[in-house]
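Spelled out from the first residue to the last, the chains are:
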Amino acid sequence: MLAATTVVTPESTQQAVGYPTLFLLVFIGALVPVVPTGALVSSAAVVAFHQTLPFSLLLVFAVGAIAAFLGDLALYWLGQRGMRSKNGSKWLEAIRSRAPEERLAQAQDKLADHGVMVLVLSRLVPAGRIPVMLACLMAKMPLRQFARGDIPACLAWAATYQVIGILGGSLFDEPWEGVVAAIALTLLLSVIPSVWRKLRRLSGSQHA
């Protein structure tokens, strides 16, 4: 009787370690909005693009979207608990500290005009997620309604950053070069809105 042998390839080992790590980091990044989760998904997409195993890119997309969705739900639930508590909570304070009054007012106006679909845009705009989430909390939106709007938001977010990773992977032969390019691009996209707002405020003060 011949014994069956299982060949463990380096790619399969990377997947066994990489996908749980990606899930954990994106989930934590959704709870603690200082982790560059977009860069994580783009980097994972670069690596998956250079792999020969089937469905690698699909798995990156699914893991990233599910982790972001669950992280958003967890943070929103913690924010709801803080809103109901007389003393608030550290999670609610963290959300408030990252939502300037101007951005919060804009998020409240967009939420009133477009409903939960504003969550899709908030996930695609750097630093847009937290002000919209706080606006939803202040509007006392139920968790179930927030979840319905957050599903397409997380799918669109994961798809966008995966495309960035695929583009980075297709431009370079070595995966690490594509990872560097994807990280640089996502970080650049994250700072453009803040730079634009500063330029607008500077221009407004000069014309005042």
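Residues numbered from 1 in each chain as written. Predicted model: local features only at pLDDT ≥ 70, side-chain atom pairs only at ≥ 80, totals over all residues. Heavy atoms only, no water.

### Side note on the packing of aromatic side chains
What the rule picks out here adds up to 3 aromatic pairs. Taking the centre distance of 6.3 Å and the plane angle of 5 degrees together, the rings of Phe23 and Phe27 count as stacked. Highlighted residues: Phe23 and Phe27, both in helix 1 (residues 10–31), separated by 4 residues, approximately one helical turn. Between Trp157 and Tyr161 the ring centres are 5.7 Å apart and the planes differ by 55 degrees, which places this aromatic pair in the tilted class. Of the two residues, Trp157 and Tyr161 both sit in helix 8 (residues 143–171), 4 residues apart, roughly one turn of that helix. The pair Trp157 / Tyr161 is uniform in exposure class, with both members buried. Across from the ring centre of Trp157, 4.8 Å away, lies the NZ or CZ of Arg123, which sits over that ring. (Phe/Tyr/Trp six-rings, centres within 6.5 Å; stacked < 30°, edge-to-face > 60°. Helix = DSSP H or I, 4+ residues; strand = E, 2+ residues; numbered from the N terminus. Buried < 20%, exposed > 50% of the residue type's maximum accessible area, 1.4 Å probe, protein only. Lys NZ or Arg CZ within 6 Å of the ring centre and 35° of its normal.)

### Looking at the pattern of salt bridges
Scanning the model with the defined rule gives 3 salt bridges in all. Between Asp72 and Arg123 there is a salt bridge, with the nearest N and O atoms lying 2.9 Å from each other. Note that Asp72 is positioned in helix 3 (residues 56–84) and Arg123 in helix 6 (residues 118–124), a separation of 51 residues in sequence. For the salt bridge of Glu93 with Arg96, the shortest nitrogen-to-oxygen distance reads 3.6 Å. With Glu93 and Arg96 both in helix 4 (residues 90–97) and 3 residues apart, this pair spans about one turn of that helix. The partly exposed category is assigned to Glu93, whose relative accessible area is 45%. Members of the salt-bridge network, linked through shared partners, are Asp72, Arg123 and Arg129. (Salt bridge = Lys/Arg side-chain N within 4 Å of Asp/Glu carboxyl O.)

### Comments concerning the packing of helix 3 against helix 4
One way to put it is that helix 3 packs onto helix 4 with a least axis distance of 7 Å and a crossing angle of 105 degrees. On the basis of their axis angle, the class for helix 3 and helix 4 is roughly perpendicular. Facing Leu75, Leu78, Gly79, Gly82 and Met83 of helix 3, the residues of helix 4 in contact are Trp91, Leu92, Ile95 and Arg96. For the contact of helix 3 with helix 4, the class distribution of residues is 6 nonpolar, 2 polar and 1 charged. (Axes fitted to C-alpha atoms, helices over the stretch in contact; angles between N-to-C directions. Parallel < 35°, antiparallel > 145°, perpendicular 65-115°, else oblique. Contact = heavy atoms within 4.5 Å. Nonpolar A, V, L, I, M, F, W, Y, C, P; charged D, E, K, R; others polar.)

### A look at the confidence of the model for the chain
For the chain, the mean per-residue pLDDT works out to 78, and 70% of the residues sit at or above 70. The model gives residues 1–9 a pLDDT under 50, and that stretch makes 1 contact with residues more than four places away or in other chains. (pLDDT = per-residue confidence, 0-100.)

### Things to note about helix 2 (residues 37–49)
For helix 2, with 13 residues, the first-to-last C-alpha span of 18 Å sits near the 18 Å given by 1.5 Å per residue. Inspection of helix 2 places Thr37, Gly38, Ala39, Val41, Ser42, Ser43, Ala44, Ala45, Val46 and Ala48 among the buried residues, and these make up the whole buried set. (Expected span 1.5 Å × (residues − 1).)

### Section: empty space enclosed by the protein
Taken as a whole and judged by the stated rule, the model has 1 cavity of 30 Å³ or more. The calculated volume of the largest cavity comes to roughly 40 Å³. Taken together, Asp72, Leu119, Ser122, Arg123, Arg129, Val132, Met133, Phe146, Asp150 and Ala153 make up the lining of the largest cavity. For the lining of the largest cavity, the secondary-structure elements that each account for two or more residues are helix 6, helix 7 (129–138) and helix 8. Along the lines of polarity and charge, the residues of the lining of the largest cavity split into 5 nonpolar, 1 polar and 4 charged. (1 Å grid on protein atoms, 1.4 Å probe; cavity = no way out; pocket = protein on both sides within 12 Å on 5 of 7 lines; lining within 4 Å. Points joined across faces, edges and corners; volume = space filled by probe spheres on them.)

### Some details on the nonpolar core
Formed by 44 residues in total, the largest nonpolar core has its most connected members in Val60, Cys136 and Phe146. For this core, the secondary structure elements donating two or more residues are helix 1, helix 2, helix 3, helix 4, helix 5 (101–114), helix 6, helix 7 and helix 8. With 10 residues, the single largest contributor to this core is helix 3. With residues up to four places along the chain from it excluded, the contact list for Val60 reads Tyr19, Leu22, Val41, Ala44, Ala45, Ala48 and Gln162. (Core = buried A, V, L, I, M, F, W, Y, C linked by side-chain atoms within 4.5 Å.)

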